[in-house]
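Descriptive analysis of the structure
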Amino acid sequence: MTRSIIPQNNAHSTMMAWRVHEFGSPEVMKFEPVPRPEPGPGEVLVKVAAAGVGPWDGWIRSGKSALPQPLPLTLGSDLSGEIVTVGPGVSELRAGDQVYGVTNPQFIGAYAEYALASAGMVSNKPTSLTHIEAASVPVVAVTAWQALFDRAQLKPGQTVVIHGAAGNVGSYAVQLARRVGVQTIATVSAGDISLVRNLGANTVIDYRSQHFEEHVRDADAVIDLVGGETQTRSFQVLRRGGKLISAVSRPDQDIAKRHGVEAAFFLVNVTSEYLTKVARFIDGGKLRTNVGAVLPLADAREAHLMLERVRPQPKGKIVLDVGAS
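Bear in mind that the values here come from a model prediction, so they are computed numbers and not experimental data.

Attention now goes to the side chain of Ser246. Tracing the chain through its elements places Ser246 in strand E13 (residues 238-246). Taking relative accessible area as the criterion, Ser246 reaches 0% and is therefore assigned buried. From its side chain, Ser246 meets the backbone nitrogen of Val248 in a polar contact 3.1 Å long. Leaving out residues up to four positions away in the same chain, Ser246 has contacts with Asp224, Gln231, Pro251, Ala264, Phe265 and Phe266.

For the rest of this paragraph, the subject is the pattern of salt bridges. It is possible for side chains of opposite charge to pair when their charged atoms get near one another. All chains considered together, the criterion is met by 8 salt bridges. Among the charged side chains, a salt-bridge network with shared partners connects Glu213, Glu229 and Arg233.

The domain boundaries assigned to the protein delineate domain 1 (14-139 + 269-321) and domain 2 (152-265). Taking only C-alpha atoms into account, the centre of domain 1 sits 28 Å from that of domain 2. Taken together, the contact pairs 12 residues of domain 1 with 8 residues of domain 2. Between domain 1 and domain 2, roughly 980 Å² of surface is buried when both sides are summed, and carbon and sulfur atoms account for 53% of that area. Looking at the side of domain 1 facing domain 2, the largest losses of area belong to Leu287, Arg288 and Lys315, adding up to 48% of the total buried there.

Calculation criteria
Residues numbered from 1 in each chain as written. Predicted model: local features only at pLDDT ≥ 70, side-chain atom pairs only at ≥ 80, totals over all residues. Heavy atoms only, no water. Helix = DSSP H or I, 4+ residues; strand = E, 2+ residues; numbered from the N terminus. Buried < 20%, exposed > 50% of the residue type's maximum accessible area, 1.4 Å probe, protein only. Polar contact = N/O pair within 3.5 Å; in protein donor to acceptor, adjacent residues only side chain to side chain. Contact = heavy atoms within 4.5 Å. Salt bridge = Lys/Arg side-chain N within 4 Å of Asp/Glu carboxyl O. Domains from an automatic or database assignment. Buried area = accessible area lost by both parts, 1.4 Å probe.

Next up, the structure:
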């Protein structure tokens, strides 16, 4: 029934989208007209108000995605906007709903004026946020939630070390841990100490001037958002039976065994259920978002030059304002 919202003569009109026809540097991105998609079973069509930009978008663009990505493709996963039509079998969402979330398990399709999204991967937008703020949230906030509570299974009174605590995932992890009574030890660079203190970290360590492993013992969990030698040095700060959870790289299982700890890498699984929980925390004033640069959709290539650090990268999440294009 809701399909009639788009006039029939307009149903196959075009829209602008950022496409990749070959993998490579930001120069391969092309802003071009494509047909506006129609939702299939279990999908909704969203008029995109804003799209978040994340490191994974850069991995997909350059051909380094963990998932197979057939070309050509439209970049982008995080989005916020309004449902225009719903596909067959979608009952919990309807046209006119303001939603946020991600597009699909492939994490593609959001850098466009309209995007298809799996109905199970979007939820009602937090009412206290603008679309630009909401588009900054989904992947990073759900990653933090799953790392702390599903993977590390932290409980009130326990202690967690969060590496990269000033980053987009880390800043949510610090806030979420504090809200449930988990003690947080955050590692950051000197310029971010006050920021992370304000988010609620109990102890903040400047990783450049201090060796965290000299200050931390018997932590229940480490949330690794940095990788490399920081990850390797983290095993020694855990209690026996503690957990090292990485969202960036696979931990060495031999070292984990030697220290008597569990270690795992995970990929985020964004679902309506998690988005609803996160929205509740945000609307309850328990989580702050951090938007860095806001660029019009037409400047998405600039956003990717920031990801690649060819341009200065702001603190906070980069968001494309689709309505402004």
